[in-house]
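Summary of the model geometry
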Amino acid sequence: MYLDELNREQREAVLYDQGPLLILAGAGSGKTRTIIYRVAHLIKQGVSPYEILVMTFTNKAANEMKERIRDILGTKYPGMWVGTFHSICLRILQQESIHIGYRTPFTIYSTSNQDTVIKKCIKELDLDQNKFKPRMFSTAINKAKNNLQSYDKFLDSNNPYDKTIGKVYKLYQEELKSNNAMDFGDLIMNTVILFRENREILKKYQDKFKHLLIDEYQDTNRAQYKLVSLLTQNNKNVCAVGDDDQSIYGWRGADLNNILDFENDYQNVKIIRLEQNYRSTENILRAANSVINNNINRKVKELWTDKGIGTKVHLYQADDEETEAYFVLKTIKELNLIKGYEWKDIAILYRTHAQSRPLEDAFLYHNLPYKIYGGTRFYDRKEIQDILAYANLIVNPHDNTRINRIINVPRRGIGERTFERLSNYAAEKNVSYYEAIERTEDIDTLSATYKNKINDFKSLIEKLKVFENENPVDEVINEIALTSGYIDDLSELKKRNSVEAETRLDNIAELINVANRFATLNPDAGLKEFLSSIALETDVDSYEEEDESVTLMTLHAAKGLEFQVVFLVGLEEGLFPSLKFDSNDEDDELEEERRLCYVGMTRAQEELYLSYARSRRQYGEMKYNMPSRFISEIPNECLDQINIEEETGVRSRKQYNKAVECNNPYIVGDKVEHEKLGIGIVLEIDEDIIKVDFLQSGTRMLATEFAPLRQIKDDEITDSMQDIEPEKKKAQLSNGMPDFTVGDIVEHDHFGIGEVAVYDGEFITIDFNNAGRKMLSIAFTKLRKV
DNA sequence: GGTTGCGACGTTTTT
DNA sequence: CGTCGCAACC
């Protein structure tokens, strides 16, 4: 009996019969299991699969659910709707598109397509292209759609900036409509509009879906929230599952209040908390719990585990991003060799994609198999977008943006002027580009030569249309690549630039593979379905557990996954948490960063490594960041500091066997020798000025360019030099600074006056009146009690 | 009409 | 450090 496999709370959630149910499921508490068992139970109770709707945020989660429901019931239920918010809405809209003025099939515009259209709008509105970047508008428009706001609200605004947004938004929307295209935001918003304006259609779906289950409810935005509430107006069988501590999509419009206010939105809500964590050891969980405990805006809960204490959370301080990468590499090799972990058991998580590069370099150089998820997305590659533009055109010929993209790709002599004449005609007659193409004879401005060229393009598309009717999708893609001349073009290029052309050809081959897999799995589906499915697909969806390689991904992409070993790298102020917070510490955005940290830490089952670098290249220049405040939020007894001081510096840099280029050769903590002033330690660095604390003569500011300084290597250190540390500490003590306690008012030479917030003997966190919160290493900091 | 070179600019995170 | 867009070149 499947109920035996559940704990008490999980079982209660599965058996709870009618009415709104909120499952607050902590990280690793068996959330997915609970949902699928609930679905299985409903079906066993006689609920038809047709009456169940399960909505998730990622395709990966949706696929996993489908698979596990099938496993547990032993049959496949094709009638059950399980999918992402976007795919569910797409499915509804494709059936009902006529009611909102769209033709079926319409096309979906991804982020990059969106930018293309917006760029065109900016041009058409004659806005200063240096001042107005497409990104500003796409951000604003997406945000508006997430909040169900139309352009009217912006146009009515008194704020000139908002007015401009309104103008672009409006034109953009008209452009989409005439291209018969929708962007991601439209998929949700238009479904809500459809339901609001057509009561009988809404009723149809309300009647159909007797049970709604929503995964990751904490990530719903206003539009998604509205969608759920419309569908559940009459029958309140809504089961929302989520964890407010794992809400990490605020920037995408996710509203934490949707989950925090669930009890107020519905009457007689049953709340079930899943607090037993089945994933991590005690040390990891305690560390994660105490980090997230610093958030104010949350439902208080405390996860527990019976997995045993486990090893402590490891902390490593690196000199720079390269030594950090080397540390990760070295540790992974040891874990594999000594403890027997496999590559696939290990993940490296970071805040931004850019951080993957040094790791990738190190892994490549030392032959460690790895796989990076996300980043430059496969479907965003130029050649893929080009081929898919043809495919989309076959399905939806009114797609002007895509005609524009490929009418002369590869080159077929239809230049800018020719295209302009074509588009002018289309604008004049108020027809789509493709309709204009069908009527080239009417376009007086075109000479016979160019009419012929356009006609050739037309017959290319027409032939592909015929081909598409009779062939599976992978062959259609292949045919496009061939007959468009794209392959020939690349083969030609290959003679001159073999690497570039080679990878592009490989990518096209991979696209054909993807199409082939799709055709095999969905024998009844055609090109239209294939295009919809990949429009909503991301790289993370292709994550495969069987892969024999180490996983690299962003923290966002890691949600929902678990690994035996997790490295969380780049824990530095300014990078993670990413934004520069001034004095207003308890900020929504900071709390979201902290949740992200919590998500990352709770991915680990057995070993968790945290690391930060004292210096890091950002935007091509050296930055010296403080260790992340999140580190100081972890209790000391859970932490195991691998190196502070003895293993940093020259030695590990040498081990990495690579010259570190940098204008300023010093980093904080380096030991240096001055011709006259003797031996000292670098305290602070500001561009090419460094502040050095000399043993004999106190602190001095020096210009690295002129000062007769040299760095002392570790192996040169003589007995007397090794005493630098104890000497320093003694000096501090004799200065009348026995110890600090929280609340002490202190003065720092550079940051000024502040109040001690956290102090653990090693690091001290101070809220400076002017400089904000800083965490400083006590060994390198001169502080005076005031 | 296409290619190459230079300067300005910028980074979270994704369906 | 890269990429992107633009301008001058072939």
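Figured I'd write up the structure that's included with this text.

Once that is clear, we can look at the protein's contact with DNA strand B. Around DNA strand B sit 22 residues, and of these Arg351, His353, Thr538, Thr554 and Tyr619 come closest. When atoms of DNA strand B within 4 Å of the protein are sorted by moiety, sugar and phosphate together comprise 51%. Between DNA strand B and His353, the relevant distance is 2.7 Å, taken from a phosphate oxygen to a main-chain nitrogen or oxygen of the residue. The side chain of Thr554 places a nitrogen or oxygen atom 3.0 Å from a phosphate oxygen of DNA strand B. The residue inventory of the surface near DNA strand B, partitioned by class, reads 6 nonpolar, 9 polar and 7 charged.

Per the stated rule, a full pass over the model turns up 0 disulfides. Between Cys89, a free cysteine, and Cys239, which holds the nearest cysteine sulfur, the sulfur-to-sulfur gap is 19 Å.

The next point concerns unusual backbone geometry. Along the chain, Thr104 connects to Pro105 via a cis peptide bond; the corresponding omega equals -5 degrees. Residue placement: Pro105 occurs in the loop between helix H4 (85–96) and strand E4 (107–109). The peptide bond linking Phe576 to Pro577 adopts the cis configuration, its omega dihedral lying at 5 degrees. Along the polypeptide, Pro577 turns up in the loop between strand E13 (563–568) and helix H27 (588–601). The backbone of Asp126 shows a phi angle near 60 degrees, a positive value even though the residue is not glycine. Counting through the fold element by element, Asp126 comes out in the loop between helix H5 (111–124) and helix H6 (134–146). The class of Asp126 is exposed, set by a relative accessible area of 70%. Of note in the backbone geometry, Asn180 takes a positive phi value of approximately 55 degrees without being a glycine. Looking at where Asn180 falls in the secondary structure, it is placed in the loop between helix H8 (160–178) and strand E5 (181–183).

On the basis of which strands lie adjacent, the open sheet formed by 7 strands has the order E11-E12-E10-E13-E14-E9-E17 and parallel pairing. Both outer strands of the open sheet, strand E11 (370–372) and strand E17 (639–641), are each paired with one neighbouring strand and no more. Going across the sheet, the axis of each strand differs from the next one's by a mean of 25 degrees, ignoring polarity. As judged from the 5 bridges shared by strand E9 (residues 313–318) and strand E14 (residues 604–613), these two strands associate in the parallel manner. Each residue of the ladder has a partner; that of Gln317, found in E14, is Tyr612. Contacts between helix H14 (residues 282–292) and the sheet are confined to E9 and E14, with E14 contributing the most and set at about 50 degrees to the helix. On top of the sheet, helix H16 (residues 356–365) reaches strand E10 (346–350), E11 and strand E12 (550–554); it is set at about 155 degrees to E11, its chief contact.

Each value, and the rule that gives it
Residues numbered from 1 in each chain as written. Chains lettered and ligands numbered in written order. Predicted model: local features only at pLDDT ≥ 70, side-chain atom pairs only at ≥ 80, totals over all residues. Heavy atoms only, no water. Near = heavy atom within 4 Å. Polar contact = N/O pair within 3.5 Å; in protein donor to acceptor, adjacent residues only side chain to side chain. Nonpolar A, V, L, I, M, F, W, Y, C, P; charged D, E, K, R; others polar. Disulfide = S-S within 2.5 Å. Helix = DSSP H or I, 4+ residues; strand = E, 2+ residues; numbered from the N terminus. Buried < 20%, exposed > 50% of the residue type's maximum accessible area, 1.4 Å probe, protein only. Pairing = 2+ DSSP bridges. Axes fitted to C-alpha atoms, helices over the stretch in contact; angles between N-to-C directions. Contact = heavy atoms within 4.5 Å.

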